[in-house]
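Here is what each chain is made of, one letter per residue.
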Amino acid sequence: MKNLKARICSGAMAGVLALSLAVPAFAAGNTPMNTQTEITATYQKVDIKVIVPQTGTALINPYGLDLKVKDAANNEVTISGQKIVTAPMSLKNQTAMNLKVGATVTGAINATSDMRFSTEALAADNTTKMAYVYLQAGSSDLTGNATTVTEAQISSKFAEWEAKAYDAATDVIVSDRGASTENFAVLKAAKMNTTTGEFDEYKNGSIAFVRLAGDCPADPRGGWADTDGFTVNVAYTFAPAQIATYAVAQGTMTATGTGINAATAMAIKVEGAVVTAAAAGDTVSVDVTVDNANDAIDWTVVDEQGNAIDGLSGSVAKATGTSRTFTFTMPDKAVKINIVSKA
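Residues numbered from 1 in each chain as written. Predicted model: local features only at pLDDT ≥ 70, side-chain atom pairs only at ≥ 80, totals over all residues. Heavy atoms only, no water.

Focus on the overall build of the protein chain
(1) Moving on: From N to C terminus, the protein chain includes two helices and 24 strands.
(2) Moving on: Over its C-alpha trace the protein chain gives a radius of gyration of 31 Å, far above what one expects of a compact globule, namely 20 Å for 343 residues.
(3) Moving on: Per-residue burial for the protein chain yields a buried fraction of 36% across its 343 residues.
(4) Moving on: Contacts in the protein chain between residues at least 24 apart in sequence constitute 73% of all its contacts with a sequence separation of at least 6.
(5) Moving on: Within the protein chain, the 33 negative side-chain charges are centred at a point lying 9 Å from the centre of the 26 positive side-chain charges. (Helix = DSSP H or I, 4+ residues; strand = E, 2+ residues; numbered from the N terminus. Rg over C-alpha atoms; globule rule 2.2 N^0.38 Å. Buried < 20%, exposed > 50% of the residue type's maximum accessible area, 1.4 Å probe, protein only. Contact = heavy atoms within 4.5 Å. Lys, Arg positive; Asp, Glu negative; His and termini not counted. Charge placed at Lys NZ, Arg CZ, Asp CG, Glu CD.)

A word on the layout of surface pockets
(1) Moving on: In this model, the largest pocket occupies a volume close to 510 Å³.
(2) Moving on: Along its surface, the largest pocket is lined by 24 residues, and Ala-137, Gly-138, Ser-139, Ser-140 and Val-186 are the ones closest to its centre.
(3) Moving on: Where the lining of the largest pocket is concerned, the elements lending two or more residues are β9 (130-139), β11 (179-187) and β14 (207-215).
(4) Moving on: Partitioned by chemical class, the residues of the lining of the largest pocket number ten nonpolar, nine polar and five charged. (1 Å grid on protein atoms, 1.4 Å probe; cavity = no way out; pocket = protein on both sides within 12 Å on 5 of 7 lines; lining within 4 Å. Points joined across faces, edges and corners; volume = space filled by probe spheres on them. Nonpolar A, V, L, I, M, F, W, Y, C, P; charged D, E, K, R; others polar.)

Examining the pairing of strand β16 (residues 245-255)
(1) Moving on: As paired elements, β16 and strand β19 (residues 277-279) share three bridges and run antiparallel to each other. Each bridged residue has a counterpart across the sheet, and for Thr-245 the counterpart in β19 is Ala-279.
(2) Moving on: Note: β16 against strand β24 (residues 335-342), six bridges, orientation parallel. Across the sheet, the residue bridging to Gln-250 is Ile-337, located in β24. (Pairing = 2+ DSSP bridges.)

Quick look at the environment of Tyr-134
(1) Moving on: Relative to the elements of secondary structure, Tyr-134 occurs in strand β9.
(2) Moving on: C-alpha of Tyr-134 to C-alpha of Val-85: the two residues are 49 residues apart in sequence and 11 Å apart in space.
(3) Moving on: Excluding residues that lie within four positions of it along the chain, Tyr-134 makes contacts with Lys-164, Ala-165, Tyr-166, Asp-171, Val-172, Ile-173, Val-174, Arg-211, Leu-212, Ala-213 and Gly-214.
(4) Moving on: One polar contact links the side chain of Tyr-134 to the main-chain amide nitrogen of Tyr-166, over a distance of 3.4 Å. (Polar contact = N/O pair within 3.5 Å; in protein donor to acceptor, adjacent residues only side chain to side chain.)

Some thoughts on the packing of aromatic side chains
A ring pair, where both rings are aromatic, is described by two values, the distance of the centres and the angle of the planes.
(1) Moving on: Using the criterion set out here, one finds twelve aromatic pairs in the structure.
(2) Moving on: Aromatic rings pair up to connect Tyr-132, Tyr-134 and Tyr-166 into one cluster.
(3) Moving on: Taking the ring centre of Trp-161 as reference, the NZ or CZ of Arg-211 above it sits at 3.7 Å. (Phe/Tyr/Trp six-rings, centres within 6.5 Å; stacked < 30°, edge-to-face > 60°. Lys NZ or Arg CZ within 6 Å of the ring centre and 35° of its normal.)

Some remarks on the sheet that holds strand β23 (residues 323-329)
(1) Moving on: Read across the sheet, four strands follow the order β18-β17-β20-β23 without closing on themselves; strand pairing throughout is antiparallel. Of all strands in the sheet, those bounded by a partner on one side alone are β18 (273-274) and β23.
(2) Moving on: Bridging between strand β17 (residues 265-270) and strand β20 (residues 283-289) involves six bridges; their strand directions are antiparallel. Directly across from Ile-268, in β20, lies its bridge partner Val-286.

Describing the sheet that holds β11
(1) Moving on: Read from one edge to the other, the open sheet built from three strands follows the order β11-β7-β15, with strand pairing classed as antiparallel. A single partner strand is all that each edge strand has here, and the edge strands are β11 and β15 (230-240). Within this sheet the neighbouring strands show an average axis-to-axis angle of 30°, counted without direction.
(2) Moving on: As defined by bridge partners, strand β7 (residues 99-109) adjoins β15 across eleven bridges and the pair is classed as antiparallel. Bridge assignment links Ile-109 to a residue of β15, and that residue is Phe-230. (Axes fitted to C-alpha atoms, helices over the stretch in contact; angles between N-to-C directions.)

A short note on the environment of Val-85
(1) Moving on: Position of Val-85 relative to the elements: it lies in strand β5 (residues 84-86).
(2) Moving on: A residue is classified by how much of its surface remains accessible, and Val-85, at 0% relative accessible area, is buried.
(3) Moving on: It is 10.0 Å that separates the C-alpha atoms of Val-85 and Pro-62, two residues lying 23 residues apart in sequence.
(4) Moving on: Ignoring anything within four residues of it in the chain, the contact list for Val-85 reads Thr-57, Ala-58, Leu-59, Asn-61, Leu-67, Val-69 and Ile-79.

Here it is, written out as structure tokens:
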């Protein structure tokens, strides 16, 4: 009987609950409350500003000789060891968001030429007059506003960009049939003016170099002629990009030497803001507070297993006060920062 009564009570309560949910809600004074929401959607235009070159110049360089080329501002640089040479070009992101760049590429052989495109890497003994050409991008670490980051600086950095083999994940092979990728490059967000919201400065990765690269035989049948050449049309697309970040944290803080104590604090920053994660390529600034103004420090960036990362270590000499600062470029992995205080 006890269980039966419990079941009867439960059923009665469920019935009361169901009835209560079916009754309209009333405000004070028994006025029915509004229970509906109407949402109106309209198109909101979002401006993306990326500086894209209108034209470019490329050269067929069968012997991979050093060639002098000029950028759009007439700055001259030398490109070395590349069989398809491109005058300096770049994409510049002047918006507040990270952008994924897509590219559609279509080539056309000059009507006066008997050469052709190859969509596969050329054999070393190839003698057919053809060119294996692909479009590729490279990230720039130049930072500053549109005045301080000059075309001459961009071109100088571009000339240092070494030849690189075709990468199917990002590069686009040139042919008369056309090809495209949605993952051509990533442009990191620019720094925006906090008052106007307008572009202020390029950050590390806000600029990407662009070039045609590739291969061609040195001595094809019939030889190369002044009438040989091609044109390439590139159409870019831009979409918001999700950039991976990796944990960056304080590691060990120890001391070596008589009377030397470990550092007392560490602040890890990117662009002046304290962070616990950073994207690969970010410039990470580390402020360390030492125990004594006479202390110097050694610093080492290590991976999660405690292994030192090549090129990410150094020393900061003693100075006035107890603050010691250094920077490093964030790798594509989680890291910790170890500090050893010393005399």
